[in-house]
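Each chain, letter by letter, is given below.
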Amino acid sequence: QVQLVESGGGLVQPGGSLRLSCAASGSIFSIGTMGWYRQAPGKQRELVATITRGGSTSYANSVKGRFTISRDNAKNTGYLQMNSLKPEDTAVYYCNADQTLTSRGIISDSWGQGTQVTVSS
């Protein structure tokens, strides 16, 4: 089994910064791609950023130049550094991990519970 726990969310003023963390636990040998998604009220969940195990990244156009995704494979932890935050960034942010190799086999898709990010003055 794989458990993902997000942390680091909160209330921040426009232009501020937050760093989200996603800690994966379980009998994990490796994780393929990690990603961050977000869902605002009344909207579909959208992809924010992804990072492969080797460090290749991709970003939604709306966050390019402001957000940075990273990971620490030794700690099975992912991060999302969010700078120059805007009110439209307000959402619940979810961590995702796919192709997680565990002692029981490969887990195709794992999700955290989410952490609230609110950008408001």
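Criteria and cut-off values
Residues numbered from 1 in each chain as written. Predicted model: local features only at pLDDT ≥ 70, side-chain atom pairs only at ≥ 80, totals over all residues. Heavy atoms only, no water. Disulfide = S-S within 2.5 Å. Helix = DSSP H or I, 4+ residues; strand = E, 2+ residues; numbered from the N terminus. Buried < 20%, exposed > 50% of the residue type's maximum accessible area, 1.4 Å probe, protein only. Contact = heavy atoms within 4.5 Å.

## Some details on the state of the cysteines
For the structure shown, the criterion picks out one disulfide. The partner cysteine of C22 in its disulfide is C95, sulfur to sulfur 1.9 Å. Taking the sign of the torsion about the S-S bond as the criterion, the disulfide between C22 and C95, at about -80°, is left-handed. Highlighted residues: C22 in strand β3 (residues 18-25) and C95 in strand β10 (residues 91-102), separated in sequence by 73 residues. Across this residue pair, the class does not change: C22 and C95 are buried.

## Examining the side chain of S21
Following the sequence through the fold, S21 ends up in strand β3. Beyond its immediate sequence surroundings of up to four residues, S21 is in contact with V5, E6, S7, W36, G78 and Y79.

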